[in-house]
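# Remarks on the overall topology
The lines below spell out each chain.
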Amino acid sequence: MTSVASQGVSTAITEIEARLRKATGAPDAQTAMRRLCSTVIKASKQKEPPYKIKPLLDVLGVSFEYEDTNSGAAEASVSLRKDKLVLEVPKVNFRGRSGMYRRWRFSIAHEFAHIVLLRTLGARIVELTYQDEASYRYVEDLCDYTASHLLLPRTRLTEVLRNEGFSQGTIRRIADRFDTSEMAVLRATNDLLPGGAIFTIRNHRRHSREKCEPRVFFCSSYYSNEGNRPWLPRGCTMKHIKLSGNGDFENVSISLGEKRWALEGRSMPWIFGPRQKDMFHASEPKVGEILGGVDIGTAIVCAAKGKFDRALFQSQEA
């Protein structure tokens, strides 16, 4: 995530970054938030992730409520009651939805990031956040960034990938180990791909007029503010992606309009599970492989030329 303030978008963003740098001595807001969270984690005496949020809130003197009192759409929210911050999670939003637990953890971590900002910058952060749309989006992105690093520290992610290799099985094990979603792991892994991204390709069509064929299903760089990363909207066909080379690693060419990216990386099979016709408007595909109702697609992991860490992204699975 690059500094938006350096682009002169908002004076509020400039002030947020300056105040965070001053409070922590960090070179940028993202590093500042990581340092602040590390301080809270250390004070909570938690040694290893997945970190429990309640002890972190206790360090900051914030109450936690998991009640039926709030029936709003938000998965988590922060309020002020009698001069005391309270983090609320509406139980009604999760009743009967056990599969939402890991999404719930990210929402809690996001609100925790807001609390860290409040504790560091005071009530002034609220005024700055709502000064304009750019400032609001910047703070929300900063809190998403912080939540991701809190739930999945990049140093630990790197250790696991070096020891176990990059594969769908590894992604699933990391998600289980750190109590987060597989999608969150893929987004976090994007940070380890300088100038690159992860694409998953699945047989689908977005509407009845399209041909059901291999199309982009997910692109990790959607969630990064780093400039000049390759990206493709969901639904792009493989005509935008070219793979060449032999062996485990390949040259990857991405094109979209006048934009061109020359990358290096690797591709591998990726299992999506049973087809969801109502969600993807998919008919039985004419191409690709379907085994027992399971959709076998492709994942492409790539970085800028000379920056793809082959040792980190090699496959160690049989």
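Every chain begins its residue count from 1, and numbering advances along the sequence as written. Only residues with pLDDT of 70 or above have their local features reported here, since the model is predicted, and side-chain atom pairs are shown and tallied only from 80 upward, although totals for entire chains, interfaces and linings are computed over all residues. Only hydrogens and water are removed before side-chain values are computed, so all heavy atoms of the structure are retained for them.

## A few points about the overall build of the protein chain
Every helix listed is a DSSP run of H or I at least four residues long, and every strand listed is a run of E at least two residues long, numbered separately from the N terminus. The helix and strand tally for the protein chain stands at eleven helices and ten strands. Across the 318 residues of the protein chain, 50% fall into the buried class. A separation threshold of at least 6 residues defines the contact pool for the protein chain, and within that pool the share at least 24 residues apart is 60%. Total accessible area on the protein chain stands at roughly 15,900 Å², and carbon and sulfur atoms take up 50% of it. Burial status follows relative accessibility: with a 1.4 Å probe on protein chains alone, a residue under 20% of its type maximum counts as buried, one over 50% as exposed, and anything between as partly exposed. Whether two residues are in contact is decided by their heavy atoms, any of which lying within 4.5 Å being enough. With residues, only the protein chains shown are counted as cover, and all accessible areas are computed by Shrake-Rupley using a 1.4 Å probe.

## With respect to the packing of aromatic side chains
For this analysis, a ring pair means two rings from Phe, Tyr or Trp (six-membered ring only for Trp) whose centres lie within 6.5 Å, classed as stacked if their planes differ by under 30 degrees, edge-to-face if by over 60, and tilted for the remaining angles. Per the stated rule, a full pass over the model turns up six aromatic pairs. Ring centres of Phe249 and Phe308 lie 5.9 Å apart, and the angle between their planes is 70 degrees; on these two criteria the pair is classed as edge-to-face. Linking Phe249 in the loop between β6 (241–244) and β7 (250–256) with Phe308 in the loop between β10 (294–304) and α11 (310–313), this pair joins segments that are 59 residues apart in sequence. Through pairs of rings, three or more aromatic residues link up here, namely Phe166, Phe249, Trp270, Phe308 and Phe313. In this structure, Arg202 packs its charged tip against the face of Phe217, placed 5.4 Å from the ring centre. Criterion for a charge above a ring: Arg CZ or Lys NZ at most 6 Å from the ring centre, at most 35 degrees from the ring normal. Positioned above the aromatic ring of Phe217 is the side chain of Arg234, whose terminal nitrogen or guanidinium carbon lies 4.4 Å from the ring centre.

## Focus on the confidence of the model for the protein chain
When the pLDDT values of the protein chain are averaged, the result is 83; 82% of them are 70 or greater. The pLDDT score gives, residue by residue, the confidence of the prediction method on a 0 to 100 scale. Per-element confidence in the protein chain is highest for β7, whose mean pLDDT is 95, and lowest for helix α10 (residues 277–280), whose mean pLDDT is 42. Low pLDDT, under 50, characterises residues 1–8; the predicted model gives this stretch 18 contacts beyond four residues in sequence or across chains. Low pLDDT, under 50, characterises residues 276–292; the predicted model gives this stretch 36 contacts beyond four residues in sequence or across chains.

## Overview of the nonpolar core
By nonpolar core we mean a set of buried residues, namely Ala, Val, Leu, Ile, Met, Phe, Trp, Tyr and Cys, connected to one another through side-chain atoms within 4.5 Å. Formed by 40 residues in total, the largest nonpolar core has its most connected members in Ile16, Leu20, Met33, Leu87, Phe112, Leu117 and Leu150. At the level of secondary structure, the elements contributing two or more residues to this core comprise α1 (11–24), α2 (29–43), α3 (53–60), β3 (84–90), α4 (101–121), α5 (124–129) and α6 (133–151). Per-element tally for this core: the top contributor is α4, with nine residues. Sequence-distant contacts of Leu117, defined by excluding residues within four places in its chain, comprise Leu20, Met33, Gly122, Ile125, Val139, Leu142 and Cys143. Membership of the second largest hydrophobic core comes to 27 residues, among which are Leu152, Val160, Ala188 and Ala299.

## What to know about the pattern of salt bridges
Take a side-chain nitrogen of Lys or Arg and a carboxyl oxygen of Asp or Glu: if they are within 4 Å of each other, that pair is a salt bridge. Overall, the coordinates contain 18 salt bridges when judged by the stated rule. Residues Asp179 and Arg105 are paired through a salt bridge, measuring 3.7 Å at the closest nitrogen-oxygen approach. Pair noted here: Asp179 is in the loop between α8 (168–178) and α9 (182–189) and Arg105 is in helix α4, with a separation of 74 residues, a long-range link. Across the pair, Arg105 and Asp179 agree in class, each one buried. One salt bridge connects Glu164 with Arg177, and the closest N-O pair in it is separated by 2.8 Å. Remark: Arg177 occurs in helix α8 and Glu164 occurs in helix α7 (residues 154–164); sequence separation between them is 13 residues. For Arg177, a relative accessible area of 38% gives the class partly exposed. Salt bridges here are not isolated pairs; linked through shared partners, they connect Glu15, Arg19, Arg124 and Glu127.

## Things to note about α4
Residue pairs spaced three or four apart in an α-helix point in one direction, given the helix's 3.6 residues per turn. An expected span of 1.5 Å times one less than the residue number is assigned to each helix. For α4, which comprises 21 residues, the first-to-last C-alpha distance of 30 Å matches the rise-based estimate of 30 Å (1.5 Å per residue) to within 8%. Residue Gly122 follows α4 closely and has a positive phi angle near 75 degrees.

## Concerning the environment of Gly61
With respect to the secondary-structure elements, Gly61 resides in the loop between α3 and β1 (63–67). A relative accessible area of 31% means that Gly61 is categorised as partly exposed. For the pair Gly61 and Leu85, spaced 24 residues apart in sequence, the C-alpha separation works out to 7.7 Å. Among residues more than four places away in sequence, those in contact with Gly61 are Lys84 and Arg119.

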